[in-house]
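Chain residues, written in single-letter form:
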Amino acid sequence: MTLLDAVLSLSEAPARDEALQRILRALARVTAADALSVLTAAEDGSVGVAAQIGLSPAALGMSFRPAEHPRLRRATQAAGPIRFLDPSEPDPYSGWLLGNPGEIHPIHACMAVPLHVQGRLAGLLTLDACDPHGLRGLRDEDARVFAGLCAGALRLDAGALRLDAGAGPIARRASGPASSGPAPASRSAGMQRIEREIAVLAPLSVPVLVTGETGVGKELVARALHERSPRASRALVIVNCAAIPAQLVESELFGHRRGAFTGATAARAGRFEAAHGGTIFLDEIGELPLSAQAQLLRALQEGEIQPVGEDRARRVDARVVAATNRDLRREVAEGRFRADLFHRLWVYPICVPPLRERREDIPALCERFAAELAAELGAGRVDFTEPALGALAQGAWPGNVRELKNAVERAVLRRTIAEGKSAAGRALVVRREDLDAIDGGAQERSLAPRIELPGERLRLADAPLGQPVELLAEALERARRDAFARAFRAAGGNAATAGRLLGLSRSFAYKEAVRLGLIPPAGPRKR
């Protein structure tokens, strides 16, 4: 069934990246590999990570020049699967294994298979196992089969772009967190405005800053800008600035030469070079340290980058789309963000509205998320009762679309488990009781305005005599303050930890705690 699952990924996955990820998951079930990846070949000869399992999340989008990595160079020139047996050859993923940030032991199992489409190199399939015998059970013939499936997914990529072109500018193309975004067809005025803005901005090369609360779908806006642009055939490189250690930011963005710092055992191209000719999406740009902001400003103004340890600058052509949930004006005023970089990015900001301001989009989003999970479960379809959909539509959703997606998936899984049998081939109906045990905003949802459904009328006579009715806004604010107070007590006053407990970013948790009077605001920065 594993090979069948991989084959079905080509026909069932909604986009190239998700098909690649499913194929890697199927391959992971039949090998002892600690890391698997698919790298795609660019026109300049570099290869970039398009899908991976077992590597640090920051590795996605990382680019390599095969000429600087003996193993990659031999793999791109090979006719079929190649196993690397020389321990003196450095592994490109050394230091990037998930949970193992140190150098990979020289003696380990490593394998690569070239991916060819119409006789041309399209990329590489790679496998790494810390156990020197970890890949012994994988035959070359089986590796060729999985490589052929990966090549098929790469070949379908251009077709997927054409199909998505008519689905609206916010069409989804990738799995993972990117799915937590706005629906392709939006009924709300705010999202229709964004669709018009994307249509105008996409063909241009000007920087775009996407703002909005955590979980509203800023990455999908960036993807839409790329896919509707003349750069759509080139790479879209996604960088989560908050996930990169401060001491490695410049190396990650702009690359480094061999020996530039301790641990730099080989030269490495940065994310900007990987995005040459395409688009680079800098998520959480407010987290960049000031030293990296200066280099970023140069890249925006001059189209030049300078890898760490090199004396000469390199030309690079990459459109910059950035995103943040911070108030960058305040960051500039408090000295945490460069004013000149802010003005360079603030050419045209796109503000994605929170879910509470576009409730008319919630039913379509719920159906979309339920359909995606139904496909994974093998279910025929998922429907919602009117009370269930009404409760979802009136939720508080402080975590926005991402929280809604999690809530819908939990409800579908609860219904599947409650019925006590496999969901394969069956229709599921999510009921109001499936939402009762949902965390993350359940308290606010229970206090939200109730949707009156046919045959149901709330009568004042049902309320206890003499009991005052609290205003909705006051009830929500009280519940919000209680939730933040509990989180900050549990976190010992640490905003980052409290944010994780609440499912929010550190900066948003801090600002809300200050607004609610739970912690004092930070004093002026000392010069």
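Just so it is clear, the model here is predicted, and its values are computed rather than measured.

A.B. asks: Lay out the overall build of the chain with the relevant residues and their values.
C.D. replies: For the chain, the helix and strand inventory stands at 18 helices and 15 strands. A buried classification covers 50% of the 527 residues belonging to the chain. Taking as baseline every contact in the chain between residues at least 6 positions apart, the subset at least 24 positions apart corresponds to 69%. For the chain, the exposed area adds up to about 24,900 Å²; of that, 53% sits on carbon and sulfur atoms.

A.B. asks: Describe the sheet that holds strand β9 (residues 279–283), naming the residues involved and giving the relevant values.
C.D. replies: Hydrogen bonds between backbone atoms are what pair the strands of a sheet, whose relative direction is either parallel or antiparallel. An order of β8-β9-β12-β7-β13 is seen for the five strands of this open sheet, with the pairing classed as parallel. Pairing within the sheet leaves two strands with one partner each, and these edge strands are β8 (236–240) and β13 (349–351). Geometrically, the sheet is characterised by an average inter-axis angle of 20° between neighbouring strands, direction not taken into account. Sheet analysis places β8 next to β9, joined by five bridges and oriented parallel. Note that in β9 the partner of valine 237 across the bridge is isoleucine 280. The strands that helix α6 (residues 218–227) touches are β7 (208–211), β8, β9, β12 (319–324) and β13; relative to β12, the one it contacts most, it runs at about 165°.

A.B. asks: Explain the sheet that holds strand β5 (residues 109–117) residue by residue, including any values.
C.D. replies: Strand order in this open sheet of six strands is β3-β2-β1-β6-β5-β4, and the pairing throughout is antiparallel. Each end of this open sheet is capped by a strand with a single partner; those strands are β3 (63–64) and β4 (82–83). In this sheet, strand β6 (residues 120–129) lies alongside β5 in antiparallel orientation, the contact comprising nine bridges. If you follow methionine 111 over to β6, its bridge partner there is leucine 127. In the packing of helix α2 (residues 16–28) onto the sheet, the strands contacted are β1 (35–41), β2 (47–53) and β6, and the crossing angle to β2 comes to about 55°.

A.B. asks: Kindly report on the environment of leucine 248, identifying the contributing residues and their values.
C.D. replies: Here leucine 248 lies in the loop between β8 and α7 (249–254). For leucine 248, a relative accessible area of 31% gives the class partly exposed.

A.B. asks: Run through the pattern of salt bridges, naming residues and quoting values.
C.D. replies: Counting across every chain of the model gives 30 salt bridges. For glutamate 252, the salt bridge goes to arginine 271, with nearest N and O atoms at 3.2 Å. Linking glutamate 252 in helix α7 with arginine 271 in helix α8 (residues 271–274), this pair joins segments that are 19 residues apart in sequence. For the pair glutamate 252 and arginine 271, one class covers both residues: buried.

A.B. asks: Give a detailed account of the confidence of the model for the chain, specifying residues and quantitative values.
C.D. replies: In this model, the chain carries a mean pLDDT of 79, and residues with pLDDT of at least 70 account for 81%. Summarising per-element confidence for the chain, the mean pLDDT is lowest in helix α15 (residues 442–447) (37) and highest in β7 (95). Considering only residues more than four positions removed or in separate chains, one finds that residues 158–184, a stretch of pLDDT under 50, has 68 contacts. Predicted confidence is poor over residues 437–467, with pLDDT under 50, and the contacts of this stretch with residues over four places away or in other chains come to 38 contacts.

Reading guide: rules and limits
- Every residue gets a number counted from 1 within its own chain, in the order that chain's sequence is written.
- The predicted origin of the model limits local features to residues at a pLDDT of at least 70 and limits the giving and counting of side-chain atom pairs to 80 or more, whereas totals for whole chains, interfaces and linings rest on all residues.
- Hydrogen atoms and water are omitted, and side-chain values are computed over all heavy atoms in the structure.
- Helix and strand definitions follow DSSP, with helices as H or I runs of at least four residues and strands as E runs of at least two, each counted in order from the N terminus.
- Accessible area is worked out with a 1.4 Å probe on protein chains only. A residue is then buried under 20% of its type maximum, exposed over 50%, and partly exposed in between.
- Contacts are residue-level and defined by heavy atoms, with any inter-residue pair within 4.5 Å sufficient.
- For every accessible area listed, the method is Shrake-Rupley and the probe measures 1.4 Å; residues are considered covered only by the protein chains on display.
- DSSP-based pairing: two strands are paired if at least 2 bridges between them are found.
- Angles shown run from 0 to 180 degrees and are taken between the N-to-C directions of axes, each axis being a line fitted to C-alpha atoms and, for helices, limited to the stretch in contact.
- Should a side-chain nitrogen of Lys or Arg be within 4 Å of a carboxyl oxygen of Asp or Glu, the pair is scored as a salt bridge.
- Confidence of the prediction at every residue is given by pLDDT, a number between 0 and 100.

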